Amino acid sequence: MSGQTNKLPLGNFDCGDDLAVILSDTTQQFIDRIDEHITCLKAIHDMVGAQVTETLTTDDETSQAIARINGQVAS
């Protein structure tokens, strides 16, 4: 977005143009930070999802092993 600054309707003053540049740069920095946070949250989502899947697999394997043991004890 840098370089593409819309002029604010503040009259034909250099300070208005300077303010528009500052606001544009600040807004772009804010958008960049938000994008970084979104990337971080997606990484957390993927990591937690993988851990949940692994836990469910382990729980399933454990329950099957217990069922086999219980079946052997009952026989």
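Here, every reference points to the structure presented above.
What comes next is a walk through the structure.

What counts, and where the lines are drawn
Residues numbered from 1 in each chain as written. Predicted model: local features only at pLDDT ≥ 70, side-chain atom pairs only at ≥ 80, totals over all residues. Heavy atoms only, no water. Helix = DSSP H or I, 4+ residues; strand = E, 2+ residues; numbered from the N terminus. Buried < 20%, exposed > 50% of the residue type's maximum accessible area, 1.4 Å probe, protein only. Areas by Shrake-Rupley, 256 points an atom, 1.4 Å probe, with all protein chains shown as cover. Salt bridge = Lys/Arg side-chain N within 4 Å of Asp/Glu carboxyl O. Patch = residues over 30% accessible without salt bridge, like charges linked within 9 Å, V, L, I, M, F, W, Y side chains within 5 Å.

Here we look at the overall build of the chain
Looking only at helices and strands, the chain features 1 helix and 0 strands. Put simply, the chain has 75 residues, and 5% of those count as buried. Accessible area of the chain: about 6,500 Å², with a carbon and sulfur share of 61%.

So, the pattern of salt bridges
According to the stated counting rule, one finds 1 salt bridge in the structure shown. The residue Arg 33 makes a salt bridge to Glu 36 at a minimum N-O spacing of 3.2 Å. Here the residue Arg 33 and the residue Glu 36 both occupy positions in helix H1 (residues 14–74), the gap between them amounting to 3 residues, near one helical turn. Residue class for Arg 33 comes out partly exposed when judged on its relative accessible area of 40%.

Observations concerning a nonpolar patch on the surface
Among the surface-exposed residues, Leu 41, Ile 44, Met 47, Val 48, Val 52 and Leu 56 lie close enough to one another that they form a single nonpolar patch of about 540 Å² accessible area. Looking at where Met 47 falls in the secondary structure, it is placed in helix H1.

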